[in-house]
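Overview (structure and organization)
Here are the chains, one letter per residue:
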Amino acid sequence: MEPPKRHQITVTARASFVPEQSDEQEGRYVFAYTISILNSGTVAARLISRHWIITDSDNQVQEVRGLGVVGEQPLLAPGQSFQYSSGAAIATPVGTMRGSYHMVAEDGTAFEASIPEFMLSMPRTLH
């Protein structure tokens, strides 16, 4: 078994369709997503910024960059997690999101935490 990594962040996501904010005639499909960020490393780290790549099924890509998440730059001690919810709108009923968080550990090390790709899909569109 390998020793625990000093700088390790585990990101999980789940998304759901928001019909009351969507407009199929206008080509606007809104999804809510909840992200859990776990410091699975051995050094505390702060989330500084985010970079999202949002792709719809027509291969239209939106890139979103910004400081923190939901107005915060959480500091996560080893074993600590942070959860937040946000949303995205795309022009098709199905799409994907992926990206990364730029982190800075308390020991001064800067590193990227990968956000694994997850699906955005309106119910009953994927079989």
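This text follows the structure it describes.
Across the eleven residues that make up strand 2 (residues 29-39), a large majority, eight, are buried. Where strand 1 (residues 9-17) and strand 2 come together, nine bridges link them in antiparallel fashion. Residue I9 lies in a different strand from strand 2, and its bridge partner there is N39.

Charged atoms that come close allow side chains of opposite charge to pair. Scanning the model with the defined rule gives three salt bridges in all. Measuring nitrogen to oxygen at the nearest pair gives 2.7 Å for the salt bridge that ties D107 to R6. Of this pair, D107 sits in the loop between strand 7 (94-105) and strand 8 (110-121) while R6 sits in the segment before strand 1, placing them 101 residues apart in sequence.

Counting residues in each nonpolar core, the largest one holds 29 residues, and the members touching the most others are I35, I37, W52, Y84 and Y101. For this core, the secondary structure elements donating two or more residues are strand 1, strand 2, strand 3 (45-56), strand 6 (81-90), strand 7 and strand 8. For I35, the residues in contact, after removing those within four places along its chain, are V11, T12, A13, W52, F82, Q83, Y84, Y101 and F118.

Before going further, it helps to examine the sheet that holds strand 6. Strand pairing in a sheet takes place through backbone hydrogen bonds and is either antiparallel or parallel in direction. Pairing is antiparallel in the open sheet, where three strands are placed in the order 1-2-6. Strands with a single pairing partner mark the edges of an open sheet, and in this sheet they are strand 1 and strand 6. Here the strands of the sheet are splayed against their neighbours by 20° on average, with no regard to which way each runs. In the sheet, strand 2 pairs with strand 6 via ten bridges, with the strands oriented antiparallel. Looking at the pairing, A32 lines up with G87 of strand 6.

Let us look at the pairing of strand 4 (residues 61-67). Direction of pairing for strand 3 relative to strand 4: antiparallel, over a ladder of seven bridges. In the strand pairing of strand 4, T55 is matched with V61. Counting the residues between successive antiparallel strands, the hairpin from strand 3 to strand 4 contains four residues, one of them, N59, with a positive phi of roughly 65°.

A few words now on the packing of aromatic side chains. Under the definition given, this model contains six aromatic pairs. Ring centres of W52 and F118 lie 6.0 Å apart, and the angle between their planes is 85°; on these two criteria the pair is classed as edge-to-face. Of this pair, W52 sits in strand 3 while F118 sits in strand 8; the two residues are 66 residues apart in sequence, bridging distant segments of the chain. The buried category is assigned to W52, whose relative accessible area is 2%. Chaining the aromatic ring pairs together yields one cluster made of Y33, W52, Y101 and F118.

Rules used in this analysis
- Residues numbered from 1 in each chain as written.
- Predicted model: local features only at pLDDT ≥ 70, side-chain atom pairs only at ≥ 80, totals over all residues.
- Heavy atoms only, no water.
- Buried < 20%, exposed > 50% of the residue type's maximum accessible area, 1.4 Å probe, protein only.
- Helix = DSSP H or I, 4+ residues; strand = E, 2+ residues; numbered from the N terminus.
- Pairing = 2+ DSSP bridges.
- Salt bridge = Lys/Arg side-chain N within 4 Å of Asp/Glu carboxyl O.
- Core = buried A, V, L, I, M, F, W, Y, C linked by side-chain atoms within 4.5 Å.
- Contact = heavy atoms within 4.5 Å.
- Axes fitted to C-alpha atoms, helices over the stretch in contact; angles between N-to-C directions.
- Phe/Tyr/Trp six-rings, centres within 6.5 Å; stacked < 30°, edge-to-face > 60°.

Remember that the coordinates give geometry; whether it matters functionally is a separate question.
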